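# Summary of structural features
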Amino acid sequence: MWIFLPLLLLWGCASSTQKETAQQMAAIQRALAQDPQYGAAQLFDDYLFDRLEAPRRAQFEADCAATPDISIFCFSVLNRERLVAKTKERDNELRLTRHRGRPVRPRFNAKNELLNWKEIKGAPVGGLLRGMPKQDLAKM
């Protein structure tokens, strides 16, 4: 319910004056401050980016371990090591299997029609960039 309120208020702000916009933004902030899910999301964001002090962080982890239903974010808190390991593993995979592709250059016939459109269409951006001619800007 509270999720749609800021969107509706922002939509109404399009033709407002600055004073009215400031009042509407204040109303949005008051509405969000009352929403328990928004508070839980702010707390989880602070936890995830290490902006919580050590005692508050330990208390948050203990609360989630004791009663996982207290917040929708408790699953992520309790499984943070798995999440970090999976993220690092995924980053390493992407780093190792980065597909640069071979240089792809366009070929034209006598009528100046492109001959290898399918090859260019399916080529990675890195291959297309490496296939560009190495000339002066004036010649290009």
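Refer to the preceding data block for the structure.
Because the structure is a prediction, the values reported are computed rather than measured. (Residues numbered from 1 in each chain as written. Predicted model: local features only at pLDDT ≥ 70, side-chain atom pairs only at ≥ 80, totals over all residues. Heavy atoms only, no water.)

### As for helix α3 (residues 36–48)
For the record, the criterion: Helix and strand assignments follow DSSP, with helices taken as H or I runs no shorter than four residues and strands as E runs no shorter than two, numbered in order from the N terminus. Expected span of a helix, by definition, is 1.5 Å for each gap between consecutive residues, and there is one gap fewer than residues. Any residue under 20% of the maximum accessible area for its type is buried, any over 50% is exposed, and the rest in between are partly exposed; the area is computed with a 1.4 Å probe on protein chains only. Throughout, the arc means the angular range of directions from the helix axis out to the C-beta atoms.
Across its 13 residues, α3 extends 18 Å between first and last C-alpha, which sits within 8% of the 18 Å expected from 1.5 Å per residue. Of all the positions in α3, only Ala40, Leu43, Phe44 and Tyr47 are classed as buried. The arc that holds every buried residue of α3, seen down its axis, measures 100°, which confines them to one face. Two residues or fewer after α3 comes Asp50, characterised by a positive phi angle close to 55°.

### Considering the nonpolar core
Test applied: To define a nonpolar core, start from buried Ala, Val, Leu, Ile, Met, Phe, Trp, Tyr and Cys residues and group those joined through side-chain atoms within 4.5 Å.
In terms of nonpolar packing, the biggest core is built from 10 residues, these being Ala40, Leu43, Phe44, Tyr47, Leu52, Phe60, Cys64, Phe73, Cys74 and Val77. Ranked by residues supplied to this core, first place goes to α3 with 4 residues.

### Notes on the state of the cysteines
Filter applied, for reference: Two cysteine sulfurs form a disulfide in these notes if their separation is within 2.5 Å.
Taken as a whole, this structure holds 1 disulfide when the rule is applied. Disulfide partner of Cys64: Cys74, at an S-S distance of 2.3 Å. Because the sign of the S-S torsion sets the handedness, a value of about -65° for the bond joining Cys64 and Cys74 places this disulfide among the left-handed ones. Of the two residues, Cys64 is situated in helix α4 (residues 54–66) and Cys74 in helix α5 (residues 74–78); the sequence distance between them amounts to 10 residues.

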